[in-house]
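Here's the letter readout for the chains.
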Amino acid sequence: MSNEWEVLISAEALQRRVRELGEAISRDYAGREPLLVGILRGAWVFLADLVRCISIPIRCDFMGVSSYGPQTESQGLVRITSDLSEPVTGQDLLVVEDIVDTGLTIDYLLRNLSARRPRTLKICTLLNKPDRRRVEIPLDYVGFNIPSCFVIGYGLDYNQHHRELPFIATLPPSALSVSPPG
Ligand code: IMP
């Protein structure tokens, strides 16, 4: 299986870019204490590296989200599998996502979180697939824009596998399993 992977973003390039994002967040939120909301399960590796590149006080919480539908395609039917542990009214929320693809998941999350009346609500995503967008989303911090391919590694999975890879790789279509309809 490993021979089929093509590295799209190396571990070194990831670390460099995560450091830049951490520095930008530290500058932009200076004097405040943002609450970073990591979206499970894909964003935990990115979040773990990101917080260590931030030089101001922060807090972290998590939301678990699962999208219904075929394994590699979001249908916009989002289910919250675990919620934030505390109310977030009046706080500076920074949602930390692994990837924004169609945008349907983050659109749902933004609407859900803004109903809780935070002071500010911004998004930081490691990866962005702009060509696949189905709903306009204001992305405040983006690690990398990537083409419309399915990627794994650095927290991102295919069928719950490959999250442990230290780089981002493309999964060739031949590696995606198919099953008959119904
Ligand atoms: P969206 O709702 O289409 O933007 O999809 C968002 C979610 O789909 C992400 O949080 C990921 O969990 C998953 N996803 C989208 N593209 C990929 C990919 O290339 N690799 C792994 N997961 C992906």
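Structure: above.
Residues numbered from 1 in each chain as written. Predicted model: local features only at pLDDT ≥ 70, side-chain atom pairs only at ≥ 80, totals over all residues. Heavy atoms only, no water.

(A) Spotlight on the site of the ligand. Around the ligand sit 16 residues in total, of which Asp-101, Thr-102, Gly-103, Thr-105 and Val-151 are the nearest. One of the side-chain N or O atoms of Lys-129 is found 2.9 Å from an oxygen atom in the ligand. Coverage of the ligand by the protein chains reaches 87% of its 490 Å² of free accessible surface. Looking at the shell around the ligand, the elements that each hand over two or more residues are strand 5 (92–100) and helix 3 (104–114). Tallying contributions element by element places strand 5 first for the shell around the ligand, with four residues. Taken together, the residues of the shell around the ligand sort by class into seven nonpolar, four polar and five charged. (Near = heavy atom within 4 Å. Polar contact = N/O pair within 3.5 Å; in protein donor to acceptor, adjacent residues only side chain to side chain. Areas by Shrake-Rupley, 256 points an atom, 1.4 Å probe, with all protein chains shown as cover. Helix = DSSP H or I, 4+ residues; strand = E, 2+ residues; numbered from the N terminus. Nonpolar A, V, L, I, M, F, W, Y, C, P; charged D, E, K, R; others polar.)

(B) A look at unusual backbone geometry. For the bond running from Leu-40 to Arg-41, omega is 10 degrees, close enough to zero to count as cis. Summarising the element assignment, Arg-41 is placed in the loop between strand 2 (35–40) and helix 2 (44–51). Of note, Arg-117 is a non-glycine position whose phi angle comes to about 55 degrees, a positive value. Given the relative accessible area of 64%, Arg-117 is considered exposed. Phi at Tyr-154 takes a positive value of approximately 55 degrees, unusual for a residue other than glycine. For Tyr-154, the location among the structural elements is in the loop between strand 8 (151–152) and strand 9 (168–170). (Buried < 20%, exposed > 50% of the residue type's maximum accessible area, 1.4 Å probe, protein only.)

(C) Structural context of the packing of aromatic side chains. Counting across every chain of the model gives one aromatic pair. With 5.9 Å between their ring centres and 80 degrees between their planes, Phe-150 and Tyr-158 make a pair best called edge-to-face. (Phe/Tyr/Trp six-rings, centres within 6.5 Å; stacked < 30°, edge-to-face > 60°.)

(D) Geometry of the sheet that holds strand 7 (residues 141–145). Taken together, the six strands give an open sheet; going across it, the order is 4-3-2-5-6-7, and neighbouring strands pair in mixed fashion. A strand with exactly one partner marks an edge of an open sheet, and here the two such strands are strand 4 (78–82) and strand 7. Each strand of the sheet is rotated relative to its neighbour by a mean of 25 degrees, with strand direction disregarded. Inspection of the sheet shows strand 6 (residues 120–128) paired to strand 7 by four bridges, in the parallel sense. Bridge pairing in strand 7 links Asn-128 to Asn-145. (Pairing = 2+ DSSP bridges. Axes fitted to C-alpha atoms, helices over the stretch in contact; angles between N-to-C directions.)

(E) The arrangement of helix 2 in detail. Buried within helix 2 are the following residues: Val-45, Phe-46, Leu-47, Asp-49 and Leu-50. Where the residues of helix 2 are buried, they touch helix 1 (11–28), strand 2, strand 3 (59–67), strand 5 and strand 6. (Contact = heavy atoms within 4.5 Å.)

Functional significance is not addressed by these values, which are geometric in nature.
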